Amino acid sequence: MVSGLFPPWFTAFLCEPGYVPDFNDLTLLPFCAGLTLLGLIGSWAAWRRRGLASGVRGVAWSLLPVSLYLTGLLELIWDVVKSVSSWVTHLIFSPTVWAGVALFGVSVVLYVVSGLAKGRGGNREKAPKPQSATRPASDAIGELTAGGPAPATAAGPAKTPKPAKAPKAAKGQDSSEFDEIEDILKRHGIN
């Protein structure tokens, strides 16, 4: 602050930018009692105009300021508001805080990108190698070996995959399916 602008007795009452006063019992108790009194008067008016339910609801809201003061929660709420306002004030004017916000944003973007890359197969793991068709006799019976117990299908003969059908056969099969569908549609009168 500029010291020559205000007289010395007046500067003691001025607040610095970002300054939030401390919790003060002498000012908050009358303030809470006043809020409760105003609320009770409003509750009485609501009861007269809109009925018992509105009046009782008004009394419930009216008792909150004094109850918060008596339980000490008002001081806690005041401290939270003071801390948040101090944090916001320092956030606006501090380059180190903005650097932290930027790093937080970068970390969120990197996390999202890693999830997208994993979903598209960017982190592919090698598939396990298939077991050999020729296994030792002891392994086929189910004895424990260095490789572990034999799977339940190892006792039977190894199945070889069937070769894929020729493309001409597949085309012929597709056309026969379409012919059947066309016949059904014609029988029902749909062209």
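Per an unreviewed UniProt entry, the chain goes by Cellulose synthase and derives from Kribbella koreensis.

Here the focus is the overall build of the chain. The helix and strand inventory of the chain stands at 8 helices and 0 strands. When the helices and strands of the chain are read in sequence order from the N terminus, they spell out α-α-α-α-α-α-α-α. Taking the intrachain contacts of the chain between residues at least 6 apart in sequence as the baseline, contacts between residues at least 24 apart amount to 45%. Accessible surface, the chain: about 16,500 Å² in total, of which carbon and sulfur atoms supply 68%.

It is worth spelling out the environment of L40 at this point. Locating L40 in the fold gives a position in helix α2 (residues 25-50). The sequence separation of L40 and G55 amounts to 15 residues, and the corresponding C-alpha distance is 8.8 Å.

Judged by side-chain charge, E177, D179, E180, E182 and D183 come together as a negatively charged surface patch. In this fold, E177 is placed in helix α8 (residues 167-187). Looking at E177, the relative accessible area reads 40%, which means it is partly exposed.

All right, on to the environment of L91 then. Note that L91 resides in helix α5 (residues 73-93). Judged by its relative accessible area of 16%, L91 is buried. Sequence spacing of L91 and V101 is 10 residues, and the spatial spacing of their C-alpha atoms is 9.2 Å. Beyond its immediate stretch of four places on either side in the chain, L91 contacts V97, W98 and V101.

A few words now on the packing of α5 against helix α6 (residues 95-119). For the pair α5 and α6, the least separation of the axes is 6 Å and the interaxial angle reads 90 degrees. As summarised for this structure, α5 and α6 are arranged roughly perpendicular, according to the angle between their axes. Residues H90, L91, I92 and F93 of α5 pack against P95, V97, W98 and V101 of α6. Taken together, the residues of the contact of α5 with α6 sort by class into 7 nonpolar, 1 polar and no charged.

A few words now on a nonpolar patch on the surface. The grouping of L73, L76, I77, V80, V81, V84, W87, V88, I92 and F93 at the surface amounts to a nonpolar patch, some 970 Å² of accessible area in total. Relative to the helices and strands, L76 resides in helix α5.

Let's shift gears to the UniProt feature "transmembrane region" (unreviewed entry) in the chain. Under the UniProt annotation, "transmembrane region" (unreviewed entry) lies at residues 28-47, 59-78 and 98-117. Helix makes up 100% of residues 28-47 and strand 0%, with an end-to-end C-alpha separation of 28 Å. This span, residues 98-117, is 100% helix and 0% strand, and a straight line between its end C-alpha atoms measures 28 Å.

Another point: the confidence of the model for the chain. When pLDDT is low, close inspection of the predicted coordinates is not appropriate. Predicted confidence across the chain gives a mean pLDDT of 75, with 58% of residues reaching 70 or more. Per-element mean pLDDT across the chain ranges from 51 in helix α7 (residues 137-141) up to 94 in helix α3 (residues 52-62).

What counts and how
- Residues numbered from 1 in each chain as written.
- Predicted model: local features only at pLDDT ≥ 70, side-chain atom pairs only at ≥ 80, totals over all residues.
- Heavy atoms only, no water.
- Helix = DSSP H or I, 4+ residues; strand = E, 2+ residues; numbered from the N terminus.
- Contact = heavy atoms within 4.5 Å.
- Areas by Shrake-Rupley, 256 points an atom, 1.4 Å probe, with all protein chains shown as cover.
- Patch = residues over 30% accessible without salt bridge, like charges linked within 9 Å, V, L, I, M, F, W, Y side chains within 5 Å.
- Salt bridge = Lys/Arg side-chain N within 4 Å of Asp/Glu carboxyl O.
- Lys, Arg positive; Asp, Glu negative; His and termini not counted.
- Charge placed at Lys NZ, Arg CZ, Asp CG, Glu CD.
- Buried < 20%, exposed > 50% of the residue type's maximum accessible area, 1.4 Å probe, protein only.
- Axes fitted to C-alpha atoms, helices over the stretch in contact; angles between N-to-C directions.
- Parallel < 35°, antiparallel > 145°, perpendicular 65-115°, else oblique.
- Nonpolar A, V, L, I, M, F, W, Y, C, P; charged D, E, K, R; others polar.
- UniProt positions renumbered as here; feature names shortened; annotations may be inferred.
- pLDDT = per-residue confidence, 0-100.

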